[in-house]
Every structure is written in structure tokens, then in C-alpha cells.
Amino acid sequence: MIVALAGGVGGAKMAHGLSLALTTEAAGPATLTVIVNTGDDFDHYGLRICPDLDTVLYTLAGLANEATGWGVVGDTTAALDMLRRYGEEAWFWLGDRDLATSLLRTARLSAGEPLSAVTRGLAQALGVGARLLPMTDGLVATIIQTPDGELAFQDYFVRRRHQDVVSGVRFAGVEHARPLPEALAALTQAEAIILCPSNPLLSIEPILQMEGMRAALAQADAPVVAVSPIIGGQALKGPADRILAAQGFEVSPLGVARWYGALLDGLVLDATDAALAPDIAALGVRPLVTQTIMRDDADRERLARETLAFAATLAHGQASHPTGAAEDDARMKQG
Ligand code: GDP
Ligand code: CA
């Protein structure tokens, strides 16, 4: 079994690549479990919206809007248009088909189904073979701290277009939320654990903050390999570059390696950043240099195959991580 940790767009592309690579495997399909960030989830017009879960769901189902990376391909906006006629700002883009997903999810949650069961039902109905697990069935909300005060995640990310300076991030409710037992069990059985090229601080960190998650990664037999979302000194999309810099980390795969610290056995970085490979190796993290921009399905599948082949050459926990402890201390202070 392969386990991937994912946020939205970057995570979904990698998870899709892994599912393509695994289903065409000669040895028969290995199973893929994707543990998805739910810190971005929020309530809107009475509906429970789970942006990262839906992005991964639509992408794995072949329904994603390739232009945006999120939302359903060919979706219409009749509901949003009507909301605007009522004078609503309707700042969160929700297409009509996308709305149907949130309607059904909200109804099922209201009837008492946990988010994991609701997600399983949606994924099955859309023919997704991979197992999609929310990071928790509990409630965790990512809160963005700025010099002017705190912002709810979607207020920061969508409404204010992630332009605010991020001085810190906290995950409200994280002390009460529990990861899914299936997620922890999957990590124990995994052959490889992949940290998708998602935003390390906004998408992967909330998953890692689930109780027992870091320990499960540390104790797993499988190697832990991240794919860098930072290429040539910037994020391909979103604020990962600015947030890493604000936390005092280099905006490069080296900064990503330092951010994850002792958690990592390997890091996949783009050929553009090949010169950083020796510095990454010096941290005790094995580098793999390749093309990491996923423009189409072929890119996704190739990157996934190379990442899995690379992981298979790594043993877990053998890296020396000379700076691991210091990096843990340097980690962003929560709350
Ligand atoms: P969000 O939840 O939709 O914001 O998405 P994620 O957190 O999963 O992913 C955002 C990150 O994906 C950004 O930092 C991008 O740099 C990264 N990303 C997007 N597409 C690619 C790609 O094709 N290759 C790599 N390496 N990173 C990507
Ligand atoms: Ca997200």
C-alpha cells in the first residue's frame, strides 16, 4: 500500500499520478490511500464545504477542471448568479455541480454520518479506486495569523486572495480532533509514504498535527518522501513561497527539506534546482532530481513512477539528519 498526504490542487495532481502509476502496475494494482487536509473546511450558506477533499475527489474521478485545478469540469454558475441577484457577494466560487456535492455531504453529515463515511460514499459513486480519508472526522479549522489579527482560512485564501502577511498559523480544535484509525493503520502497512507537493504549512502541517501522526510517520517501516512544491524559488500557485519565507525558511527545495526536517528520508526536487541536491543530501535527506511540473496526465504518472521507484531505494530512518533537532526547534510556533 502507498499512502499519500495531500492538500488540494498540488496534492490532487500527485495523488492522481500515483493512482495512474499503481493501476497500470504489472504486478496488479497496489492500493493507494490518500489522507487529505480538512483544515480548510468551512460552513457557507449552511453547507459544509471541504475544498481539498473535493479537489482530490474530482481529480481522481477525472472530473476536475484542468484550467483551475479545482471545481468540476464544465460546471455552470446558475446558483451563484442567483445569489448575486439577491445582492450576495458570493465570494466563494461554487459551481452548480460542486454545490450538489456539498448539499449531499451536508445532508449526510446532518443525518449523523461521519465525514469519512460520507467521503467514501462520494468516492465510490464517482468510481474512485483509491481510498480517500479526511485527516479527521473531527472539526479542525486553520486560522491565519496576520499583523492585523486572525483570519478564517477561506477569508484569507479566497476572499482576500492570500495577500496578507502570514505571521503564523494555528489549527483550532486540533487538540480534540483525532486522526482516523484507518489512516494510522495504513501508515504502518505502507510501502512508501508520499508527502505530495502541497503547501507544507497550510496543507500538510494540519495533517501532521493530528495526534499520533508524526509518531506514526517516524515509526513506519516505509520511507517518507516529499515532492517539493517550490520550484525555481517560487510556488507554482498560491502562497507557499511567501509563507515559507515569512517563517524564516529558504524558498527552495532546501527550505522545504529543512521545514520537514527529520521526518523526511527523501525529497524529489525539480531539475531547475539541481544545484541544491548536495545541500539537501548534507541534511541527511536523499535527493532525487527530475522534472516535477505536472502539466498533463503523462507528467503526473511519470513523476509518480519515479517517486515510487526512488522510495523503493530508500530505507526509513537511516538518514543521519545532523540538523534534525535544530530544525524541529525552528518549526513554526503554533498558536
Ligand atoms: P491547495 O490546497 O489547492 O492550495 O493545494 P495544495 O496545498 O495541495 O498545493 C499547492 C501547492 O502545489 C503550491 O505550493 C504549488 O507550488 C504546488 N504545485 C501545484 N502544481 C504543481 C506541480 O505540477 N508540481 C509541483 N512540484 N508542485 C505543484
Ligand atoms: Ca487547500
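Procedures and definitions
- Residues numbered from 1 in each chain as written.
- Chains lettered and ligands numbered in written order.
- Predicted model: local features only at pLDDT ≥ 70, side-chain atom pairs only at ≥ 80, totals over all residues.
- Heavy atoms only, no water.
- Helix = DSSP H or I, 4+ residues; strand = E, 2+ residues; numbered from the N terminus.
- Rg over C-alpha atoms; globule rule 2.2 N^0.38 Å.
- Buried < 20%, exposed > 50% of the residue type's maximum accessible area, 1.4 Å probe, protein only.
- Contact = heavy atoms within 4.5 Å.
- Areas by Shrake-Rupley, 256 points an atom, 1.4 Å probe, with all protein chains shown as cover.
- Near = heavy atom within 4 Å.
- Polar contact = N/O pair within 3.5 Å; in protein donor to acceptor, adjacent residues only side chain to side chain.
- Nonpolar A, V, L, I, M, F, W, Y, C, P; charged D, E, K, R; others polar.
- Pairing = 2+ DSSP bridges.
- Axes fitted to C-alpha atoms, helices over the stretch in contact; angles between N-to-C directions.
- Phe/Tyr/Trp six-rings, centres within 6.5 Å; stacked < 30°, edge-to-face > 60°.
- Left-handed = near helix turned anticlockwise from the far one by under 90°.
- Salt bridge = Lys/Arg side-chain N within 4 Å of Asp/Glu carboxyl O.

**Some details on the overall build of the protein**
Looking only at helices and strands, the protein features 14 helices and 14 strands. Relative to its length of 335 residues, the protein is compact, with a C-alpha radius of gyration of 19 Å against a globular reference of 20 Å. Expressed as a percentage of the 335 residues in the protein, the buried residues total 55%. A separation threshold of at least 6 residues defines the contact pool for the protein, and within that pool the share at least 24 residues apart is 70%. Within the structure as shown, the protein displays about 13,800 Å² of accessible surface, and the carbon and sulfur contribution to it stands at 54%.

**Topic: the site of ligand 1**
Surrounding ligand 1, one finds 22 residues, the nearest of these being Ser198, Ser203, Pro229, Thr292 and Met294. In the environment of ligand 1, an oxygen atom lies 3.1 Å from a nitrogen or oxygen atom belonging to the backbone of Gly10. One of the backbone nitrogen or oxygen atoms of Thr292 is found 2.7 Å away from a nitrogen atom of ligand 1. Across the complex, the protein chains shield 93% of the 600 Å² of accessible surface that ligand 1 would expose by itself. No other element matches the four residues that helix α1 (residues 9-23) contributes to the shell around ligand 1. Tallied by class, the residues present in the shell around ligand 1 amount to 10 nonpolar, nine polar and three charged.

**Re the sheet that holds strand β6 (residues 141-146)**
On the basis of which strands lie adjacent, the open sheet formed by three strands has the order β7-β6-β8 and antiparallel pairing. Each edge of the sheet is formed by a strand with only one pairing partner; in this case those strands are β7 (149-152) and β8 (168-172). The mean angle between the axes of side-by-side strands here comes to 30°, regardless of whether they run parallel or antiparallel. In terms of strand pairing, β6 meets β8 through five bridges, oriented antiparallel.

**Focus: the packing of aromatic side chains**
Taken as a whole and assessed by the stated rule, the structure comprises eight aromatic pairs. Three or more aromatic residues joined by ring pairs make a cluster, and in this case those are Phe42, Trp91 and Phe92.

**Examining the packing of α1 against helix α2 (residues 51-60)**
Helix-helix packing: each pair is described by the crossing angle between the helix axes and the interaxial distance. Where α1 meets α2, the axes come as close as 9 Å, and the angle between the chain directions of the two elements is 35°. Of the two elements, α1 crosses α2, and the hand of that crossing is right-handed. Residues Val9, Ala12, Lys13, Ala15, His16 and Ser19 of α1 touch α2, and the partners they reach there are Thr55, Val56, Thr59 and Leu60. Here the residues of the contact of α1 with α2 sort into five nonpolar, four polar and one charged.

**Observations concerning the pattern of salt bridges**
All chains considered together, the criterion is met by 14 salt bridges. A salt bridge links Asp54 to Arg105, with the nearest nitrogen and oxygen atoms 2.8 Å apart. Here the residue Asp54 occupies a position in helix α2, and Arg105 occupies one in helix α4 (residues 96-110), the gap between them amounting to 51 residues. With respect to class, Asp54 is no different from Arg105; both count as buried.

**Examining the sheet that holds strand β5 (residues 131-134)**
Strand order in the open sheet made by the seven strands is β5-β2-β1-β9-β10-β13-β14, with parallel pairing throughout. A single partner strand is all that each edge strand has here, and the edge strands are β5 and β14 (286-290). Between one strand axis and the next, the sheet turns by 20° as a mean value, whatever way the strands run. With three bridges connecting them, strand β9 (residues 192-195) and strand β10 (residues 224-227) associate as parallel partners. If you follow Leu195 over to β10, its bridge partner there is Ala226.

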